[in-house]
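Listed below, chain by chain, are the residues.
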Amino acid sequence: MKILQELSQYRFSRYFKLLFVVWDVLLLNFAIVLSALIRFGSLDRLFQKEVQTISLLANLIWIGLLLYKDSFRIIRIEPIESILKRTIKKVIIHAALTAIFVFFLKYSEISRLRLVYFYCFFFGLLMVSRYLSMKILKGIRAKGYNFRKFIIVG
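Predicted model, so just to flag it, every value in this text is computed and none were measured. (Residues numbered from 1 in each chain as written. Predicted model: local features only at pLDDT ≥ 70, side-chain atom pairs only at ≥ 80, totals over all residues. Heavy atoms only, no water.)

Here we look at the nonpolar core
Ranked by internal contacts, the top residues of the largest apolar core, which has 25 residues, are Leu28, Ile54, Trp62, Ile110, Phe118, Phe122 and Leu126. At the level of elements, helix H2 (13-40), helix H3 (49-67), helix H4 (80-104) and helix H5 (112-142) are the ones that each hand at least two residues to this core. Ranked by the residues each element gives to this core, the list is headed by H3, at eight residues. Those residues in contact with Phe118 that sit more than four places away from it in its chain are Leu28, Ala31, Ile32, Ser35 and His94. (Core = buried A, V, L, I, M, F, W, Y, C linked by side-chain atoms within 4.5 Å. Buried < 20%, exposed > 50% of the residue type's maximum accessible area, 1.4 Å probe, protein only. Helix = DSSP H or I, 4+ residues; strand = E, 2+ residues; numbered from the N terminus. Contact = heavy atoms within 4.5 Å.)

Here it is, written out as structure tokens:
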């Protein structure tokens, strides 16, 4: 694990939030493409103006939700139930805000079934991603890396 020894000399924690946001946006867009493929069998409908507008709004809403109240705080020991609860809450808020935009913009070309597929895929991808990142981080810490040293005075 020479690579971990080399990397442990640098402080990457300041970049974790940016990395997590970018990763989540990639998962969100993958879920958009996957839901269109499952629902319609092709990606032709993704290029409609209404669908592109909702996709852009979905990305912006998700980024806003992630940055609101420090959603990606790195907690040393956090149970999976806590992560699950936080993720469900964010996905429900995202779905509600997206539905409000679809309703008030009167976008009739948006497939409701595709939105259901999208949220199922997106939630599944998020939970697998969160679980795997938690396991990888735990494994790295078990090898003696990614620890913080501090002194308590008093």
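Details of the confidence of the model for the protein
Per-residue confidence for the protein gives a mean pLDDT of 83, with 81% of residues at or over 70. When mean pLDDT is compared element by element in the protein, H3 scores highest at 92, while helix H1 (residues 2-7) scores lowest at 59. (pLDDT = per-residue confidence, 0-100.)

Looking at a nonpolar patch on the surface
Taken together, the side chains of Ile93, Leu97, Ile100, Phe101, Phe103, Phe104 and Leu105 make up a nonpolar region of the molecular surface, amounting to roughly 670 Å² of accessible area. Its location among the elements puts Phe103 in helix H4. For Phe103, a relative accessible area of 59% translates into the label exposed. (Patch = residues over 30% accessible without salt bridge, like charges linked within 9 Å, V, L, I, M, F, W, Y side chains within 5 Å. Areas by Shrake-Rupley, 256 points an atom, 1.4 Å probe, with all protein chains shown as cover. Salt bridge = Lys/Arg side-chain N within 4 Å of Asp/Glu carboxyl O.)

Observations concerning the pattern of salt bridges
For the structure on display, the rule yields one salt bridge. Between Arg130 and Asp24 there is a salt bridge whose closest N-O contact spans 2.9 Å. Of this pair, Arg130 sits in helix H5 while Asp24 sits in helix H2, and the two are 106 residues apart along the sequence. Of the residues examined, Arg130 reaches a relative accessible area of 13% and is grouped as buried.

Some remarks on H5
Helix length check: H5 (31 residues) gives 45 Å between terminal C-alpha atoms against 45 Å at 1.5 Å per residue, within 8%. Among the residues making up H5, those that are buried are Arg114, Leu115, Phe118, Tyr119, Phe122, Leu126, Met127, Ser129, Arg130 and Arg141. Just downstream of H5 lies Gly144, where phi reads positive at about 100°. (Expected span 1.5 Å × (residues − 1).)

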